[in-house]
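Letter by letter, the chains look like this.
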Amino acid sequence: MYRQGKYTRKVTPQSKMKRFANRRWVWFKGLSKKQKVLLIAGPILAFLIITPIATYAYYYNDIGNQERLLNRNNTGVVLLDKNGEVLYKTAGARAEKRKIVPLSEISDTTEKALIASEDKDFYKHGGFDPLGIVRALLSNVTAGHITGGGSTITQQLAKNTLLTKQQTILRKYQELVLAMAIEQRYTKDEILDMYLNSVYYGENSFGIEEAAKSYFNKEPSQLTLEESAMLVGVLPAPSAYSPISGDPDLAKERQTTVLTRMVKNGYITEGEKQAALSKEIAYGSGADAITNVAPHFTEMVLKNLYDEYGEEQVTRSGYQVTTTLDLNLQKNANEAVAKNMAYIE
């Protein structure tokens, strides 16, 4: 307790904290070396032991349920009017079941492009790649910010379907634990198949079947080398890298990067790479156009959501968003305009 009078200085919260810290430091210095080690290492060991146990217990049923692991029960976004009526919903919204394309019906070039680009040692590691994590850590330190996490395909599957996008030590550790659990539960081909069928490719497309149709009007088995490289190339940032609605130049750069990695990892030759780069790709229409009663309003709401939370987060998380629009009033307004178009023109 500090006395306070006419000639005494008022004790500020900062001063109290400083005095408390000094007292704790003096106490710490008085401890034996063994006590200091236990005090520092104890919480760290507890974190390392308790976190995997708690994480595995929490996600145990999800890991064993392929449907849940694919995150198909809550993909898409639904917009409601002020009265709760559905104004708009994306494909696959609210528990819509979709066909899971087996690996045997997916082009080999797509599988090879994915492994070469995202996880070249996929068939060798047990869920995570220590060297990849070290390389990513060095890259982040060199860049001065987070440029990547060195995640394997299995880690990405766990992150995309079970965890959040937060860049924290706890979330990263949980990702490693879940990746190892998934590797214990499923074969490599099953993991690769689940990843290709659940990842977001942009253009409102979840999974390889929707992506092949949206981008190229094809079945997954029909994808060519140049198309596979382009499709895998959009994965890090679908909105930016989409050759349809994003930046075509960035899309071409990403395609080149994927093909280069395929050459480096022995999947194709340099000649095949150059041949693929020289071919003109015929693209599909991409995401379906918004054709509801209030398309411009819908586009504005979606843009605000994408800007705030990111396109993949919005389209993956199954958001139901109540808007300020009154659907009945909007329909009446549309009808009134349609009836009087002759006079307006």
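Everything discussed here concerns the structure shown above.
Treat the numbers as computed from the prediction; the structure is a model and nothing was measured. Every chain begins its residue count from 1, and numbering advances along the sequence as written. pLDDT decides what is reported in this predicted model: residues at 70 or higher carry local features, side-chain atom pairs at 80 or more are listed and counted, and totals for whole chains, interfaces and linings draw on all residues regardless. In computing side-chain properties, one takes all heavy atoms of the structure into account and sets aside hydrogens as well as water.

## Thoughts on the overall build of the protein chain
Looking only at helices and strands, the protein chain features 17 helices and three strands. Classification of residues uses two cut-offs on accessible area relative to the type maximum, computed with a 1.4 Å probe and protein chains only: under 20% is buried, over 50% is exposed, and between them is partly exposed. With 345 residues in all, the protein chain has 42% of them scored as buried. Contacts spanning at least 24 positions in sequence make up 64% of the contacts within the protein chain whose residues lie at least 6 apart. Surface accessibility follows the Shrake-Rupley procedure with a 1.4 Å probe radius. Residue values consider only the protein chains on display as shielding. Of the accessible surface of the protein chain, which amounts to about 20000 Å², a share of 56% is contributed by carbon and sulfur atoms. Numbering goes from the N terminus for both helices and strands, where a helix is a DSSP run of H or I of at least four residues and a strand is a run of E of at least two. Residue contacts are counted whenever heavy atoms from the two residues lie within 4.5 Å of one another.

## What to know about the sheet that holds strand 1 (residues 78-80)
Overall, mixed pairing links the three strands, which are arranged 2-1-3 in an open sheet. The open sheet terminates on both sides in strands that have one partner only, identified here as strand 2 (86-89) and strand 3 (320-322). Each neighbouring strand pair of the sheet contributes to a mean axis angle of 20 degrees, computed without reference to strand direction. Bridge count for strand 1 against strand 3 is three bridges, and the pairing is parallel. Strands are treated as partners if at least two bridges between them are detected by DSSP. Working convention: axes come from line fits to C-alpha atoms, limited for helices to the stretch in contact. Angles between N-to-C directions cover 0 to 180 degrees.

## A few points about the nonpolar core
L114, I182, L192, Y201, L231, L259 and M262 are the most contacted members of the largest nonpolar core, which totals 49 residues. In this view, L231 contacts Y201, I208, A211, Y215, F216 and L223; residues no more than four positions away in its chain are not counted. We call a set of buried Ala, Val, Leu, Ile, Met, Phe, Trp, Tyr and Cys residues a nonpolar core when their side-chain atoms join them within 4.5 Å.

## Notes on the packing of aromatic side chains
Whether two aromatic rings pair depends on their centres lying within 6.5 Å, for rings of Phe, Tyr and Trp, where Trp uses its six-membered ring; planes under 30 degrees apart make the pair stacked, over 60 edge-to-face, and the rest tilted. By the definition in use, this model includes five aromatic pairs. Measuring from ring centre to ring centre gives 4.9 Å for Y200 and F206, while their planes differ by 45 degrees; the resulting arrangement is tilted. In terms of burial, Y200 and F206 fall into one category: buried. Judged by centre distance (6.0 Å) and plane angle (40 degrees), the ring pair of Y215 and F216 falls under tilted. Under the relative-accessibility criterion, F216 is labelled buried at 5%. By way of ring pairs, the aromatic residues Y215, F216 and Y283 are connected into one cluster.

## Examining the side chain of R254
For R254, the location among the structural elements is in helix 12 (residues 248-264). We count Lys and Arg on the positive side and Asp and Glu on the negative side, and we leave His and both chain ends out. Each salt bridge in this description consists of a side-chain nitrogen of Lys or Arg and a carboxyl oxygen of Asp or Glu lying within 4 Å of one another. Despite its burial, R254 pairs with no opposite charge; the closest candidate is E118, at 4.4 Å N-O. What R254 contacts, discounting residues up to four positions off in sequence, is S117, E118, V232, G233, P236 and Y241.

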